[in-house]
Each structure stands twice: as C-alpha cells, then as structure tokens.
Amino acid sequence: MTNTRQTNQVARRRLRWFTWGRGRRWWDYPLLAVSVALFWASFPPLAMGYLAVPALAILFAVLNAVRVGRSTWYGFLFGLGFFLPHIWWATISVGGYLPWFALCLVQALFLAGFGFSAGVVRYLAKGAVGNSVLLALAWVGVEQLRACVPFGGFSWALLAYSQVDLPVRTLAPWGSEVTIGFVCALTASLVMRVLVRPRWLRPGFGFFSRATALVLAALLCAGPWMLRLPLAQEAGSVRVGAVQGNVQWPAEQTFAQHLKVTDNHVQQTLKTVRAGQRADFLVWGENSADTDPREDAQAYDLIYHALEAAGVPILVGSVKYTPTARYNDMLVYSPDGQIVDQYRKQLPVPFGEYVPMRKYLSVLSKDVARVSVDMLPGSEPGFVKIPLSGQRQLPAAIGICFEAAYEEVLAGGVLAGGQLLLMPTNNSSFGNSVESGQLLQMTRLRAMSLSRSAVHVSTNGQSALIWPDGSVRKQTHLFESATLIDDVPLRTSITFSARHLPQLRTGVIAAWGGALCVGVFLALLRRRPRG
C-alpha cells in the first residue's frame, strides 16, 4: 500500500509542469483576460476566427483547474468581459448605457451557467476524451439556450459566426451553428488536454492519452478540408441588384426629413439605370421607404418613378402603422406599380422594436418610452415570389435584419421553395459601429447552411452579394450610396440544416440538461457523508 502511494506521488511530481494546482489561482484572472481578448478578436471588426479555438482552450483550462463555484464565477467574468465590447453598438442604438449593460449581464449569466456545467460534468467522465465531449456539449447547449430565451433569445456571438472564413465552415449544411460550434469547442478542449492535466483526471493520463487527444484534434481540424460547399446552378441564375441608397448620419435627423431616405434610394436607382447597369430585379433595404407608400401618395409616386425607369420589380422596405401597433414589411412591387407580394417580419426585436411586459418595465426604466408603439409579428413564412420577365416567377426565402440570426426564418422560406436568400436590413441606428459586419457574418453562415446565394442589402451598409459557399463577391462600405449587380446561382436542394436544425438544437439542449442533472446528482452523492 505504501509503495503504491509513493509511486503515485512520484507520477504526480513528474506531471507537475502541466498540472495546475491551487498555488496558481492568482494567475487565473490574467489568463481569463487573454481568453476574452482572443475570443473578441475572432469576431468583427478584427474577424480573426482562428483565435477562437485558442481562446476557448485557455478558458477551459482555467475552468477545469478550480472547483464548481469558482468555475461559475470565472464563466460569468468571461461572458461579461466579452459581451461588453462585442455589443457596444447597443449604446448607440438605444442612446444609453443601462439597456446595453442589462443585456450584457443577462448573456454573462448564461456563460456563468457554462462555467457551472464545466465544473459539474467532470463527475460524469474522468477520461480526457469523454470529458472533452461533455465540455463541448455544454458550450453548445448554453449557446443554443441563450439563442432561445428569454423573449426569443439573443442569437448573437455564436461561436460558428467567427468561423465563416475557416475550413470548418464546410460543416454548415450538416447542422449549422450547432455542428460548427460543437466541433470547434471539442477541438479547443482536446488541445487543452494536450497541454494541461487537471488534478481530477485519472492518474493514468499520460503520453498515450495526450497523443490520442492530439490526433483527434488534428482530425477535427483537417476533416472539413475534405468537404466542399456546392456552387453549381440547379435552377439557372438570376441577375440581382442590391441598391444601397444611404442614410446620412445622424440617422434620426435624416429619417425626420419627410421622404429623404426614400428619395436617396430612388436617386441611386436612377443613377444605376443611367449608367446602363441592368438587373432582373432590385432590392432596397429595410425601411428604405421612410413613409408607408400604401398610405402616402408622394412616397408612392417616388417609388413608381424608380419602377418606371428601371422597368423591373423592386423590393421596398416599409413600416405600416395601425392605431395600436406597427408592422415591418418588405413589399414586392411589379414594374407597373402594383404590390404583388409581401413579407412581414416574424421576429421583432425585444426592447428594440417592442417592449415585453411593458406594464411593469415602464416603471423601472425611462428607456422604454423610446419604443412608443410595439411592433407585432407577421404570421406568414419568410417566402415571396418575384415576377420576372417572360412570365417567370422567382421564389425566394426572405428575412428582415436581425432575423439573420435565426435560421428557422430563412429555412422556412427555403422549404417553401425559395431558391435565393434575401436579407434586407437597416443598420443606420448603429453608426459606424461593427454591428453591420457582425450581421453580415450571420447571413454568410445562412448562405452556407441553406446552400443558397444571399442578397444582404442595407440602407446604409454593409451590403453584399454572397454565394452559396459563403464567399462575398461584392460588398459596399458604411454610409455610401452604391449598387451591387451580378448574376447569382439559384439552387433547389434542401440541406440537413434546413430540415432538421430545430430538432438538432432541441436535442443538444436536452442532452446538455440531462448531463448537467446527472452530474449534479453524482456530485451531491460524492459529498454525502458515509456512515
């Protein structure tokens, strides 16, 4: 018995250089800061996606070296430290700091849940590979949960968005952000296992265990290189024009000028026509008609002038007001000035476009008054038909602005027959911030996941034409008037993500929740005094 104990002590001393004990706790906070900085840099504006895996490897190493309580605290600090700068643009759009900080605080609580999970799942698997899988499952489970709740969730800064330029993006058709996020988190966890040995791992964790983890991590990195995202035309092509009319800053003053934004888009359309640039149809951004042309004759006359000059259908964004509510619409105008189809936004943004529990929250915050009329959701799928020349009808999937973060909106349009993705947006409320670049990343992921070309068109930038492999072929800058025109391939095949992402998301959340419950039970059982 004594010899066995001495042997284990010698083994632990040999592994001490990659074993983190209690004596290094003061080093945790600088490491957390490095992890936060690397993770932030993996998203726009820097968009260094390759830093995401090292960032998570450092985070996982810190969490795995401490007890559950401290792991929860570290997860909260990581979340708060990341979200505060990542969504700084919220201070611009709402004109204050309280809503921005409240949103960051809620998101940080989800990351605290991940820290708690990281501390608990170690009771389920003591082996390096098994625990790595559970850790990756916990990361994706938390991501998907915060993308659903509260009030429809906040599907921002998902790990997969940072990977749109890296090889792992080829997994998008096979599970979108769930699959990509899991593979990246699993790679980070395996890399961490190669470098660090937490005390609670099995004593036999040595060379072969590290070699196995290293081989698995290499396979996860190299595997996606073997896949290709399809680009072939399956239903021909269409020549599309994205018109960015611009909204001069400050946006509120521009929108306050009657028909100023509408006229900007009309003038840019006329400029495009005079330059001899032709398209099968044109798309304007969200709120590109600053006054509802269904109610305002002057607004309609301006749009009709653009239709008459272009001679092709134009999709126009407008807001419809009723005595008690408002709706965010995209109107499909035929060349003769008739509205032949429309889409109504299904997922208004809580606190940005409507205020949940207004009766109670209005007492707590004056910022609620900024959203004086709630936006109500539409009930129809994200799908429109655009009339083209020769009696041809182009079926397209469509979402508006932040709906790019919710794949089920565009997937519904694809399942209805959409051969192209349309994503009109209005980023004028966010100034020169990075919000527009972050939103563009989401649309690129949707293009890859649903295997469709995408037209991402903003009133003020960044607009882009995106191919089914997520590559950006043409792009505008912020606060400029410009038109993007090109032939884009149309596709009809349905991906696994289009059909099964909601079920996959539910399964991941359920699996994570089940593992967490079992882990908590085993932890409590272990702490129970024997007698």
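Note that the coordinates shown come from a computational prediction; the quantities given were computed from them, not determined experimentally.

As a further point, take the overall build of the protein chain. Tallying secondary structure elements over the protein chain gives 16 helices and twelve strands in all. Of all 531 residues assigned to the protein chain, the portion counted as buried reaches 55%. Contacts in the protein chain between residues at least 24 apart in sequence constitute 71% of all its contacts with a sequence separation of at least 6. Accessible surface computed for the protein chain: about 22,500 Å², of which carbon and sulfur atoms make up 61%.

Moving on to the pattern of salt bridges. On inspection of all chains with the given rule, the structure shows twelve salt bridges. Across the pair D165 and R444 runs a salt bridge whose closest N-O atoms are separated by 2.6 Å. With D165 in the loop between helix 7 (128-146) and helix 8 (176-195) and R444 in helix 15 (residues 435-450), the pair connects residues that are 279 residues apart, well separated along the chain. Between E407 and R446 there is a salt bridge, and its shortest N-O distance comes to 2.6 Å. Of this pair, E407 sits in helix 14 (residues 407-415) while R446 sits in helix 15; the two residues are 39 residues apart in sequence, bridging distant segments of the chain.

Let us now look at the side chain of E143. Relative to the assigned elements, E143 resides in helix 7. Buried within the structure, E143 lacks any salt-bridge partner; its nearest side chain of opposite charge belongs to R146, at an N-O separation of 4.7 Å. Not counting residues up to four positions away in its chain, the partners in contact with E143 are A157, L158 and L159.

Another aspect to go through is unusual backbone geometry. The linkage connecting W249 with the following residue, P250, adopts the cis geometry, with an omega of 0°. Between G461 and Q462 the backbone carries a cis peptide bond, its omega angle lying at 0°. Mapped onto the fold, Q462 is located in the loop between strand 9 (454-458) and strand 10 (464-466). Residues other than glycine seldom take positive phi values, yet A157 does so here, at roughly 60°. Along the chain, the position of A157 falls in the loop between helix 7 and helix 8.

The sheet contact formed by strand 10 and strand 11 (residues 472-475) spans three bridges and is antiparallel. Directly across from L465, in strand 11, lies its bridge partner K474. The antiparallel hairpin formed by strand 10 and strand 11 contains five residues in its connecting segment, where G470 sits at a positive phi of about 85°.

Now for the packing of helix 8 against helix 15. At a minimum axis distance of 10 Å, the contact between helix 8 and helix 15 shows a crossing angle of 100°. Accordingly, the angle class assigned to the pair helix 8 and helix 15 is roughly perpendicular. Between helix 8 and helix 15, the contacting residues are S176, E177 and I180 on the first element and L445, R446 and S449 on the second. Of the residues assigned to the contact of helix 8 with helix 15, the class counts are two nonpolar, two polar and two charged.

One open sheet accounts for six strands, arranged 5-4-3-2-1-12; its pairing is mixed. Each having just a single partner strand, strand 5 (339-344) and strand 12 (482-489) make up the two edges of the open sheet. In this sheet, neighbouring strand axes are inclined to one another by 30° on average, regardless of whether the strands run parallel or antiparallel. Sheet topology note: the strand 3 (residues 314-321)/strand 4 (residues 326-333) ladder contains eight bridges and is antiparallel.

Moving on, we get to the nonpolar core. If you look at the biggest cluster of nonpolar residues, it comprises 120 residues, and the most contacted ones within it are W139, F281 and L422. Here this core takes ten residues from helix 8, the largest share from any one element. Ignoring any residue separated from it by four or fewer positions in sequence, one finds L422 in contact with F281, V283, L315, V384, I386, A396, A397, I398, G399, L410 and V455.

Taking the numbering used here, the UniProt-annotated feature "transmembrane region" (unreviewed entry) corresponds to residues 26-43, 49-66, 73-91, 97-121, 133-158, 178-196, 208-227 and 507-525. Taken end to end, residues 49-66 is 67% helix and 0% strand, and its two terminal C-alpha atoms sit 28 Å from one another. Spanning residues 507-525, this segment combines 100% helix with 0% strand, and its end C-alpha atoms are found 27 Å apart.

It is worth spelling out the packing of helix 14 against helix 15 at this point. At their nearest, the axes of helix 14 and helix 15 sit 11 Å apart, and the two run at 40° to each other. In terms of orientation, helix 14 lies oblique with respect to helix 15. Every pair of crossing elements has a handedness; the one defined by helix 14 and helix 15 is right-handed. On helix 15, the residues that touch E407, L410, A411 and V414 of helix 14 are R446, S449 and L450. Considering only residue class, the contact of helix 14 with helix 15 consists of four nonpolar, one polar and two charged.

A separate point is the sheet that holds strand 9. Taken in spatial order, the six strands make up an open sheet running 6-7-8-9-10-11, and their pairing is mixed. This sheet does not close on itself; its edge strands, each paired only once, are strand 6 (383-387) and strand 11. Averaged over all neighbouring strand pairs, the angle between strand axes comes to 25°, with direction disregarded. Relative to strand 8 (residues 421-425), strand 7 (residues 393-398) is paired through two bridges, and the arrangement is parallel. Counterpart to A397 in the pairing with strand 8 is L421. Packing of helix 14 onto the sheet brings it into contact with strand 6, strand 7 and strand 8, and relative to strand 7 it is tilted by some 160°.

Cut-offs and rules
Residues numbered from 1 in each chain as written. Predicted model: local features only at pLDDT ≥ 70, side-chain atom pairs only at ≥ 80, totals over all residues. Heavy atoms only, no water. Helix = DSSP H or I, 4+ residues; strand = E, 2+ residues; numbered from the N terminus. Buried < 20%, exposed > 50% of the residue type's maximum accessible area, 1.4 Å probe, protein only. Contact = heavy atoms within 4.5 Å. Areas by Shrake-Rupley, 256 points an atom, 1.4 Å probe, with all protein chains shown as cover. Salt bridge = Lys/Arg side-chain N within 4 Å of Asp/Glu carboxyl O. Lys, Arg positive; Asp, Glu negative; His and termini not counted. Pairing = 2+ DSSP bridges. Axes fitted to C-alpha atoms, helices over the stretch in contact; angles between N-to-C directions. Parallel < 35°, antiparallel > 145°, perpendicular 65-115°, else oblique. Nonpolar A, V, L, I, M, F, W, Y, C, P; charged D, E, K, R; others polar. Core = buried A, V, L, I, M, F, W, Y, C linked by side-chain atoms within 4.5 Å. UniProt positions renumbered as here; feature names shortened; annotations may be inferred. Left-handed = near helix turned anticlockwise from the far one by under 90°.

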